Amino acid sequence: MVKKFTVGILIAVMLFTSMPMKAVQADTIESYSKEQLRDNIIEYNEVADLVHTYNKTVINNRYSYQELEDNYDDEEEEEESPVGSSIDTSQIDSAIQYYTALSAEQQAIINNPAATEEQKAAAMQQKMIYDNTITSLGVQKQSYMSMSAMSAMMSSPGVSVSDTELRTYNLQFRQAEAQIVKSVQNLFPNYYQLINNLEQLKANRKLLQTSYNAQMVQFSLGMCTQADLNESETNMASLDYNIAALESQVLTMKQEICKLIGKPYNTDIILGEMPEADLAYIRNIDLNRDIDTAIENNYSVKVLQYKRDDISSGASYETKDTADNNLEAQRETVRSTVSQQYQTILSNQNTWKLEQKKLEQMEITMQTAETKYNMGLMSNLEYENQKVNYISQQITVKNAELTLSDSIQTYQWYLKGL
């Protein structure tokens with residue numbers, strides 16, 4: 001059993017929007033009004049402004065960078081440099097351990113020969129959610145540690161930076177900010193998949209109750225044993241426990257999002273909807289063009305390009321060649337990443353369409369079941385069982401669309417430079 005705890009995640013990130021590198025003011029809001037940002041409805045596209053405006057660590061880092069830049073502009077490198085925030089990734093590590101344990105529990109169900117195919121399928125779905133959350137947390141930790149290293153360097157007594165170094169810091173801070181915003185947005189589909197799976201469990205619980213009520217009648221007629229009733233009661237208790245556990249995980253994920261967007265952890269937030277899967281966007285993807293765009297915008301490519309440009313003309317051939325190789329290797333990484341993500345989109349699109357076709361067939365079956373039930377040709381238990389199967393397929397389609405939409409958003413993040 002996994003021990004429950006409140007996960008706290010503090011992310012040190014920055015956002016600067018243009019060159020030359022004057023820090024953006026803390027109250028800069030590009031897309032949403034202050035009233036919208038202060039309410040408890042968290043829209044998907046609102047995340048960037050929320051993190052940038054209200055995350056206290058972001059604000060503190062912005063001040064530190066501004067002071068470093070002011071010292072650079074005034075040529076006062078001899079003054080004491082700003083002290084960066086102390087970075088503690090232990091809370092992120094605890095969150096990763098928490099979801100890793102949950103993932104391991106689901107893997108145990110998948111590997112259990114006694115588990116039904118339905119149980120294994122449900123476990124695989126839950127495991128995917130936990131694994132995706134672990135990946136998001138890992139990205140947050142990586143950005144956090146990157147910020148820590150930059151903060152420590154800027155905090156060194158008597159530090160001085162060149163124009164290229166300052167521009168590099170700027171890019172790295174912007175990259176870290178973008179990575180955190182992306183990872184928060186990645187929690188949206190995970191959250192809604194948990195909500196969908198919770199709906200599935202509650203439908204299953206209702207079916208078990210209906211079955212149990214029928215067994216009670218059978219027991220009174222001597223058609224089933226006390227052991228049968230005990231087994232049903234155990235199954236219902238197990239489902240009640242799983243429902244409570246999933247509700248707790250939903251709450252924990254909302255608390256994590258609150259911390260990242262600068263709200264009190266126990267704020268009763270309402271998450272806005274995920275962007276719908278845009279099939280027209282998929283059809284219009286020009287992979288070669290998008291690869292060029294991703295390379296042009298990629299933060300890591302820009303940093304390596306700055307470093308390459310900063311090499312003096314008198315440097316050795318080996319030094320220049322190494323820088324060129326590093327730059328081309330990063331460009332190749334971007335090409336591969338964008339191409340693979342495009343294939344992921346196509347695969348997820350096919351899965352979604354397939355599940356939709358299954359749902360269409362099941363809708364016909366459900367209509368037939370309703371007709372039979374209303375005519376008294378189908379028992380209540382049979383009807384409820386058919387309805388649960390229908391709900392299950394509806395949820396499968398919802399989750400497939402969430403996965404597709406998330407893969408499109410990830411692709412678009414690559415085009416923005418990640």
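Worth saying up front: this structure is predicted, and the values here are computed from it rather than measured.

Participant: Explain the overall build of the protein here, please?
Facilitator: Scanning the protein from N- to C-terminus turns up twelve helices and two strands. Residues classed as buried in the protein amount to 44% of the 418 residues present. Taking the intrachain contacts of the protein between residues at least 6 apart in sequence as the baseline, contacts between residues at least 24 apart amount to 80%. Accessible area for the protein stands at about 21,200 Å²; split by element, carbon and sulfur atoms hold 50% of it.

Participant: How should the pattern of salt bridges be read in this particular structure?
Facilitator: Where side chains of opposite charge bring their charged atoms close, a pairing between them can arise. With the rule as written, the count across this model stands at twelve salt bridges. Its salt-bridge partner being Lys254, residue Asp268 comes within 3.7 Å of it at the nearest N-O pair. Of this pair, Asp268 sits in the loop between helix 7 (226-260) and strand 2 (270-271) while Lys254 sits in helix 7, and the two are 14 residues apart along the sequence. The exposed category is assigned to Asp268, whose relative accessible area is 59%. In this structure Lys254 comes out as buried when scored by relative accessible area, which is 14%. Of the charged contacts in the structure, one is a salt bridge between Arg289 and Asp290, with a shortest N-O distance of 3.5 Å. The partly exposed category is assigned to Arg289, whose relative accessible area is 46%.

Participant: Whenever I open this one, the confidence of the model for the protein confuses me. Can you help?
Facilitator: Note: predicted coordinates in regions of low pLDDT should not be interpreted at a detailed level. When pLDDT is averaged along the protein, the result is 82; 81% of the residues meet or exceed 70. Across the protein, element-level confidence peaks in helix 9 (residues 287-297) with a mean pLDDT of 98 and bottoms out in helix 3 (residues 56-73) with 68. When the criterion is pLDDT under 50, residues 1-29 qualifies, and its contacts beyond four places in sequence or with other chains add up to 110 contacts. In this model residues 75-86 is a low-confidence stretch, pLDDT under 50, and it forms 28 contacts with partners more than four residues away in sequence or in other chains.

Participant: Please clarify how the nonpolar core should be interpreted in this entry.
Facilitator: Of all hydrophobic cores here, the largest spans 46 residues; its most connected members are Tyr99, Phe188, Leu194 and Ile257. Elements that contribute at least two residues to this core include exactly helix 2 (47-54), helix 4 (90-111), helix 5 (117-155), helix 6 (163-220), helix 7, helix 10 (299-309) and helix 12 (380-416). No other element matches the eleven residues that helix 6 contributes to this core. Excluding residues that lie within four positions of it along the chain, Tyr99 makes contacts with Tyr130, Thr133, Ile134, Leu137, Gln249, Thr252, Met253 and Glu256.

Participant: Even after reading the chapter, I still don't get a nonpolar patch on the surface, so can you show me in this structure?
Facilitator: On the surface, Val217, Leu221 and Met223 cluster together into a nonpolar patch covering about 340 Å² of accessible area. Looking at the element boundaries, Leu221 is found in the loop between helix 6 and helix 7.

Participant: Please explain the packing of helix 6 against helix 12 as it appears in this structure.
Facilitator: Helix-helix packing: each pair is described by the crossing angle between the helix axes and the interaxial distance. In the contact formed by helix 6 and helix 12, the axes pass within 9 Å of each other and the chain directions differ by 175°. Between helix 6 and helix 12, the angle is such that the two are roughly antiparallel. When the residues that make up the contact of helix 6 with helix 12 are grouped by side-chain class, the tally is twelve nonpolar, 15 polar and seven charged.

Participant: Just checking my understanding: could you explain a negative patch on the surface for this structure?
Facilitator: Among the surface-exposed residues, Glu43, Glu273, Glu276 and Asp278 lie close enough to one another that they form a single negatively charged patch. Looking at where Glu43 falls in the secondary structure, it is placed in the loop between strand 1 (41-42) and helix 2.

Participant: Would you explain the packing of aromatic side chains in this entry?
Facilitator: Given two aromatic rings, one states the distance between the centres and the angle between the planes to describe the pair. In the structure shown here, the tally under the stated rule is four aromatic pairs. Between Tyr44 and Phe188, the aromatic rings sit 5.4 Å apart at their centres with planes inclined by 90°, giving edge-to-face as the arrangement. Here Tyr44 is found in the loop between strand 1 and helix 2, whereas its partner Phe188 is found in helix 6, with 144 residues between them in sequence. The class of Tyr44 is buried, set by a relative accessible area of 3%. Judged by its relative accessible area of 0%, Phe188 falls in the buried class. For the pair Tyr191 and Tyr192, a centre-to-centre distance of 5.2 Å together with 80° between the ring planes defines the contact as edge-to-face. Owing to a relative accessible area of 9%, Tyr191 belongs among the buried residues under this scheme. Positioned above the aromatic ring of Trp413, the side-chain terminus of Lys416 is 4.7 Å from the ring centre.

Parameters and conventions
- Residues numbered from 1 in each chain as written.
- Predicted model: local features only at pLDDT ≥ 70, side-chain atom pairs only at ≥ 80, totals over all residues.
- Heavy atoms only, no water.
- Helix = DSSP H or I, 4+ residues; strand = E, 2+ residues; numbered from the N terminus.
- Buried < 20%, exposed > 50% of the residue type's maximum accessible area, 1.4 Å probe, protein only.
- Contact = heavy atoms within 4.5 Å.
- Areas by Shrake-Rupley, 256 points an atom, 1.4 Å probe, with all protein chains shown as cover.
- Salt bridge = Lys/Arg side-chain N within 4 Å of Asp/Glu carboxyl O.
- pLDDT = per-residue confidence, 0-100.
- Core = buried A, V, L, I, M, F, W, Y, C linked by side-chain atoms within 4.5 Å.
- Patch = residues over 30% accessible without salt bridge, like charges linked within 9 Å, V, L, I, M, F, W, Y side chains within 5 Å.
- Axes fitted to C-alpha atoms, helices over the stretch in contact; angles between N-to-C directions.
- Parallel < 35°, antiparallel > 145°, perpendicular 65-115°, else oblique.
- Nonpolar A, V, L, I, M, F, W, Y, C, P; charged D, E, K, R; others polar.
- Lys, Arg positive; Asp, Glu negative; His and termini not counted.
- Charge placed at Lys NZ, Arg CZ, Asp CG, Glu CD.
- Phe/Tyr/Trp six-rings, centres within 6.5 Å; stacked < 30°, edge-to-face > 60°.
- Lys NZ or Arg CZ within 6 Å of the ring centre and 35° of its normal.

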